[in-house]
Amino acid sequence: MLKYIIIHPDDNVAVALQPLAAGDTIEHKGQTTIVKETIPAGHKVMLTDANKGDFIIKYGCPIGHTVAEITEGQWVNEKILRTNLKGISDYQYNPVTISGTDVSGQHTFMGYERKNGEAGIRNELWIIPTVGCVNGVAERLARMFEEETHAAHIDGIRAYTHNFGCSQLGDDHEHTRRILRNMVLHPNAGGVLVVGLGCENNQPDEFRKLLGEYDTKRIRFMVCQHENNEIESGMTILRELYSLMKIDKRTSMPLSKLKIGLKCGGSDGFSGITANPLLGRFSDFLTAQGGTTVLTEVPEMFGAETLLMNRCKNEAIFRKTVNLINNFKDYFISHRQPIFENPSPGNKAGGISTLEEKSLGCTQKSGTSAVCDVLEYGDTLSVKGLNLLSAPGNDLVASTALAASGCHIVLFSTGRGTPFGTFVPTVKISSNTELATRKPDWTDFDAGTLLNNEPMPALLERFIRFVTDVANGEPTRNERNGYHEIAIFKSGVTL
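Computed from a predicted model, the values in this text were never measured in an experiment.

### Points about the overall build of the chain
Part 1: Summing up its helical and strand segments, the chain has 13 helices and 23 strands in all.
Part 2: By the compact-globule yardstick of 23 Å for 495 residues, the chain fits well, its C-alpha radius of gyration being 24 Å.
Part 3: Each principal axis of the C-alpha atoms in the chain carries an extent, and together these give about 80 × 45 × 40 Å.
Part 4: Classification of the 495 residues of the chain by burial places 56% in the buried group.
Part 5: Residue pairs in contact within the chain that sit at least 24 positions apart in sequence constitute 70% of those at least 6 positions apart.
Part 6: By element, 49% of the accessible surface of the chain is carried by carbon and sulfur atoms, the whole surface being about 20,100 Å².
Part 7: Taking the 50 positively charged and 57 negatively charged side chains of the chain as two groups, their mean positions are separated by 2 Å.

Next up, the structure:
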């Protein structure tokens with residue numbers, strides 16, 4: 001295994017792939033740098049002398065400036081480095097030439113064809129409350145029906161509880177309604193029971209109208225205040241849904257029907273070297289197949305946003321991307337919070353010092369293909385190719401938003417590990433092999449093998465097979481562990 005990497009020829013830092021000790025040497029552009037202190041794995045070491053205020057370059061871009069003089073061979077971390085980023089900005093559209101990905105052959109997967117023509121990769125029975133007051137009813141029904149059927153012949157029985165649906169105003173109320181609507185209509189569910197209370201703000205009859213046209217045999221409603229015994233009534237409906245679902249069969253479908261969310265969390269200094277570039281290659285592959293990928297975590301685009309803007313397929317999409325970025329900055333400003341209060345303590349411990357550094361690694365998940373559309377929070381996908389989605393960096397909120405946009409799977413890269421999963425299969429890709437070895441019950445795929453000289457093309461080929469297996473029904477770690485959660489974005493008052 002290599003001891004260090006210099007990611008871009010213009011970089012003035014190297015990244016330690018293993019802990020470096022004082023006296024170790026780094027070769028760069030015909031020069032030798034002698035390491036002056038212990039450098040933890042994933043962290044940066046300076047390749048030149050720098051004065052206070054000089055830029056630190058990584059990924060070929062500035063990731064901040066120094067707050068004091070630093071000499072060649074020293075450790076570069078959050079104590080010496082500060083962000084260059086500022087507030088709301090004006091941007092110019094400078095489109096770059098997008099070179100297409102050469103993909104041979106049409107790939108397929110085995111999915112469930114829904115009545116509206118959408119593909120599902122799971123055939124699960126979902127119980128979705130309109131309001132948090134009936135969470136207990138939803139959980140009890142799921143538990144009782146699991147005991148009765150053992151989920152035989154289907155892929156699972158889930159109750160997706162949340163705290164909202166009442167005492168909300170404005171955007172918060174609409175966010176809740178739209179996320180729940182998108183869940184009810186998601187093709188990974190072969191049957192859905194919507195459980196209402198009856199007096200909530202999110203009135204079941206009005207919520208039903210929000211669904212538009214839907215399969216009334218597969219999506220059913222129950223209002224608890226209207227039932228003499230909501231448990232008996234709910235169990236009856238679940239049995240009727242189950243009788244339809246258990247005869248559903250998988251059929252061969254083109255990979256172009258797949259919609260994949262791209263997410264990272266608990267990132268480290270390896271994330272932008274291994275796992276995120278792998279997801280970028282996969283995104284380019286899937287979009288070349290006619291499929292769809294979605295990048296979110298808008299605050300983790302700050303500092304790399306122009307790279308995305310210049311890949312927009314036209315000026316109209318560029319303008320939507322500018323609004324995406326500036327509107328999220330304004331969200332921070334309106335709440336009197338610093339825009340660049342990132343990265344997290346775990347990120348810093350893993351070697352990420354500024355938001356630009358995090359963003360330049362994070363956005364590599366988008367690959368090199370054109371940005372084809374931009375979605376607001378709660379929107380659903382309508383354009384194939386690479387999409388951008390408005391959502392925060394919070395892992396649960398962003399992953400829920402990706403799934404609610406229509407994604408069948410969320411691909412989640414991580415350097416420090418996390419066990420959670422949202423309401424679609426949530427694949428954890430480790431940036432380093434140590435994490436995959438230490439947390440096998442959390443980790444689905446190890447991208448750290450890139451650091452042990454596995455070529456990217458071979459790793460990508462293995463990863464394509466792996467994701468196809470998940471689409472075909474192979475359970476992810478979060479599914480095996482029974483970890484299924486949702487989180488809805490909230491920004492306003494609670495009544």
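### Some thoughts on the packing of helix α5 (residues 275-288) against helix α12 (residues 456-471)
Part 1: Between α5 and α12, the least distance of the axes is 10 Å, while the angle of their chain directions is 65°. Relative to α12, the element α5 is oriented roughly perpendicular. Helix-helix and strand crossings are classified by hand; for α5 and α12 the assignment is right-handed. Residues P277, L278, L279, R281, F282 and F285 of α5 touch α12, and the partners they reach there are M456, L459, L460, F463, I464 and V467.
Part 2: A class-by-class count of the residues in the contact of α5 with α12 yields 11 nonpolar, no polar and one charged.

### Focus on the packing of aromatic side chains
Part 1: This model, assessed by the stated rule, comprises 18 aromatic pairs.
Part 2: Seen from their ring centres, W126 and Y160 are 5.5 Å apart, and the 85° between their planes marks the pair as edge-to-face. On the criterion of sequence distance, the pair formed by W126 in strand β12 (residues 124-129) and Y160 in the loop between β13 (156-159) and α2 (170-184) is long-range, its members being 34 residues apart. Pair check on accessibility: W126 and Y160 agree, each one buried.
Part 3: Consider the rings of F445 and F463, whose centres lie 4.9 Å apart with planes at 65°: the pair is edge-to-face. Linking F445 in strand β23 (residues 445-446) with F463 in helix α12, this pair joins segments that are 18 residues apart in sequence.
Part 4: One aromatic cluster is present, built from ring pairs that chain together F302, F328, Y331, F332, Y377 and F489.
Part 5: Across the ring face of F412, the terminal group of K428 is positioned such that the distance to the ring centre comes to 5.8 Å.
Part 6: Across the ring face of W442, the terminal group of K439 is positioned such that the distance to the ring centre comes to 4.2 Å.

### Some points on the nonpolar core
Part 1: L278, F282, F302, L411, I429 and F463 are the most contacted members of the largest nonpolar core, which totals 53 residues.
Part 2: For L278, the residues in contact, after removing those within four places along its chain, are I429, F445, A447, M456, L459, L460 and F463.

### Regarding unusual backbone geometry
Part 1: Unlike most non-glycine residues, A151 shows phi in positive territory, near 55°.
Part 2: Tracing the sequence through the fold places A151 in the loop between α1 (135-149) and β13.
Part 3: Although it is not a glycine, R336 sits at a positive phi angle of roughly 55°.
Part 4: Inspection of the secondary structure assignment puts R336 in the loop between α7 (315-334) and α8 (345-350).

### Quick notes on the environment of V96
Part 1: On the secondary structure map, V96 appears in the loop between β9 (81-82) and β10 (108-113).
Part 2: Note: C-alpha distance between V96 and I56 (40 residues apart in sequence) is 25 Å.

### Looking at the state of the cysteines
Part 1: Throughout the structure, instances matching the rule amount to zero disulfides.
Part 2: With no disulfide partner, C362 has as its closest neighbouring cysteine sulfur the one in C264, 3.6 Å distant.
Part 3: The cysteine C407 is free of any disulfide, with C372 supplying the nearest cysteine sulfur at 14 Å.
Part 4: Among the residues examined, C407 registers a relative accessible area of 0% and is labelled buried.

### Details of the sheet that holds strand β6 (residues 55-58)
Hydrogen bonds between backbone groups are what pair the strands of a sheet, and the pairing can be parallel or antiparallel.
Part 1: On the basis of which strands lie adjacent, the open sheet formed by three strands has the order β6-β7-β9 and antiparallel pairing. Because the sheet does not close on itself, it has two edges, and the strands there are β6 and β9.
Part 2: Sheet topology places β6 next to strand β7 (residues 61-66); four bridges connect them, and they run antiparallel. What sits directly across from F55, in β7, is H65.
Part 3: Lying on the sheet, helix α9 (residues 355-362) is in contact with β6 and β7; it crosses β7 at an angle near 165°.

### Observations concerning the sheet that holds strand β20 (residues 385-389)
Part 1: Overall, parallel pairing links the seven strands, which are arranged β19-β20-β18-β17-β21-β22-β23 in an open sheet. Only two strands of the sheet have a single partner each, and these edge strands are β19 (371-375) and β23.
Part 2: Pairing geometry for strand β18 (residues 292-295) and β20, over four bridges, is parallel. Its bridge partner lying in β20, T293 is registered against L386.

Each value, and the rule that gives it
- Residues numbered from 1 in each chain as written.
- Predicted model: local features only at pLDDT ≥ 70, side-chain atom pairs only at ≥ 80, totals over all residues.
- Heavy atoms only, no water.
- Helix = DSSP H or I, 4+ residues; strand = E, 2+ residues; numbered from the N terminus.
- Rg over C-alpha atoms; globule rule 2.2 N^0.38 Å.
- Buried < 20%, exposed > 50% of the residue type's maximum accessible area, 1.4 Å probe, protein only.
- Contact = heavy atoms within 4.5 Å.
- Areas by Shrake-Rupley, 256 points an atom, 1.4 Å probe, with all protein chains shown as cover.
- Lys, Arg positive; Asp, Glu negative; His and termini not counted.
- Charge placed at Lys NZ, Arg CZ, Asp CG, Glu CD.
- Axes fitted to C-alpha atoms, helices over the stretch in contact; angles between N-to-C directions.
- Parallel < 35°, antiparallel > 145°, perpendicular 65-115°, else oblique.
- Left-handed = near helix turned anticlockwise from the far one by under 90°.
- Nonpolar A, V, L, I, M, F, W, Y, C, P; charged D, E, K, R; others polar.
- Phe/Tyr/Trp six-rings, centres within 6.5 Å; stacked < 30°, edge-to-face > 60°.
- Lys NZ or Arg CZ within 6 Å of the ring centre and 35° of its normal.
- Core = buried A, V, L, I, M, F, W, Y, C linked by side-chain atoms within 4.5 Å.
- Disulfide = S-S within 2.5 Å.
- Pairing = 2+ DSSP bridges.

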